Amino acid sequence: MAAFVEPHFDAWQAASGNMTVVDKVPPEMLHLVHPHWNQFPPMNPLWHSILGFAIFVLGMVSMIGNGFVMSIFTGTPSLRTPSNLLVVNLAFSDFLMMFTMGPPMVINCWHETWVFGPFACEIYACLGSLFGCASIWTMTMIAFDRYNVIVKGLAAKPLTNNGAMLRILGIWAFALFWTLAPFFGWNRYVPEGNMTACGTDYLTTTWLSRSYIIIYAVFVYWTPLLTIIYSYTFILKAVSAHEAQMREQAKKMNVASLRSSEANQTSAEIKLAKVALVTISLWFMAWTPYLVINFTGIFKAAPISPLATIWGSLFAKANAVYNPIVYGISHPKYRAALYQKHPWLSCQDSHESSNDSQSVASGATTATEEKA
């Protein structure tokens, strides 16, 4: 409960008198503002400054990082594989999220309220929903592709370019459905409590409005999260079983290992466990604050302050920053190509070879590589 209570700034509140967080909102925006926010005093300008600076830094890092991912993956012939099309789509979605949402939020934090009018507010929230949903389901498809290759092995139907493109089109069509629904009366887009960003309406108590949040959470939070957990759980089991078989075979052949220089390498299970743990943890950390805020609002579980609403935006946008790290920089061939084109980055490990043939986007991850 305490997480939703704004800290007291006695001096600031005394100076603001009877003002509320809504007082700075332009008159044409007032019909979108829920009465719930009228009870809160204006946020301390320091919070707006911190939020604006954080979004500016995240935006720059995200656009540069995702720009590199798109450039390297599309410009390197050996990386233009069907599986890596999903990685490019993820970088494309994350890039557009910060490109379209970062600058408006920084400007609004400077003015301490939304200054672009009601239509721009709806478009802003619409784009956030579109790119967020596209990124979530692209990450889900990447996890499922890994599962398909590692767990099913030769029995799996290999992903083709046409198959990857169909998945990508399906992802954007699915995201577009959830994006457009509020324009047709199923929920709506409104200013968030800090008044510098816009999102879905989680304060209206009608079940038509609530049902959108609940069903949206099922298809755009719980289903992807459980799919990712399911995929990596069986991937870990498959890799662990494979390693056990190799050790057993090594015993039968009276050799220490079927791999050379294995003593210098971390076991495949540990490597893949780290990848799975990082992927799931970062995904959970990015989107759970929005889920908590939305469900707290529709079920009136706790009072939501304007300050509490900034965390959903901040953590979700941070997801666009570390996605290039998890899905791009963790790829050895990507690092090799990046080092070749931009050696000043010093991003290639001295022990890595540019001939690594495995793809992070596919089931054959670096954790299952066996170097001669």
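Anything mentioned here points back to the structure above.
Keep in mind that what you see is a predicted model, and the values were worked out from it rather than measured.

Caption draft 1: Region of interest: the overall build of the protein chain. A count of helices and strands for the protein chain gives 9 helices and 2 strands. Going from the N terminus to the C terminus, the protein chain shows its helices and strands as α-α-α-α-α-β-β-α-α-α-α.

Caption draft 2: Quick peek at the packing of helix H4 (residues 118-150) against helix H6 (residues 207-252). Running from N to C, H4 and H6 cross one another at 25 degrees; their axes reach a closest spacing of 9 Å. If you check the angle between H4 and H6, you find them roughly parallel. The element H4 and its partner H6 pack so that their crossing is left-handed. Its residues assigned to classes, the contact of H4 with H6 shows 20 nonpolar, 5 polar and 1 charged.

Caption draft 3: Fine view of the side chain of Asn-89. Within the secondary structure, Asn-89 is located in helix H3 (residues 82-111). Note on Asn-89: relative accessible area 6%, which makes it buried. Residues within four places of Asn-89 in sequence aside, it is in contact with Thr-138, Ile-168, Ile-171 and Trp-172.

Caption draft 4: Looking closely at the nonpolar core. The biggest cluster of nonpolar side chains holds 91 residues, and the ones touching the most others in it are Trp-37, Trp-283 and Trp-287. Elements with a minimum of two residues in this core: helix H2 (45-75), H3, H4, helix H5 (161-180), H6, helix H7 (268-298), helix H8 (309-329) and helix H9 (332-341). Looking at which element gives the most residues to this core, the answer is H4, with 15 residues. Residue contacts for Trp-283: discarding those within four places in its chain leaves Ile-136, Met-139, Val-220, Tyr-221, Pro-224, Leu-225 and Ile-228.

Conventions we followed
Residues numbered from 1 in each chain as written. Predicted model: local features only at pLDDT ≥ 70, side-chain atom pairs only at ≥ 80, totals over all residues. Heavy atoms only, no water. Helix = DSSP H or I, 4+ residues; strand = E, 2+ residues; numbered from the N terminus. Axes fitted to C-alpha atoms, helices over the stretch in contact; angles between N-to-C directions. Parallel < 35°, antiparallel > 145°, perpendicular 65-115°, else oblique. Left-handed = near helix turned anticlockwise from the far one by under 90°. Nonpolar A, V, L, I, M, F, W, Y, C, P; charged D, E, K, R; others polar. Buried < 20%, exposed > 50% of the residue type's maximum accessible area, 1.4 Å probe, protein only. Contact = heavy atoms within 4.5 Å. Core = buried A, V, L, I, M, F, W, Y, C linked by side-chain atoms within 4.5 Å.

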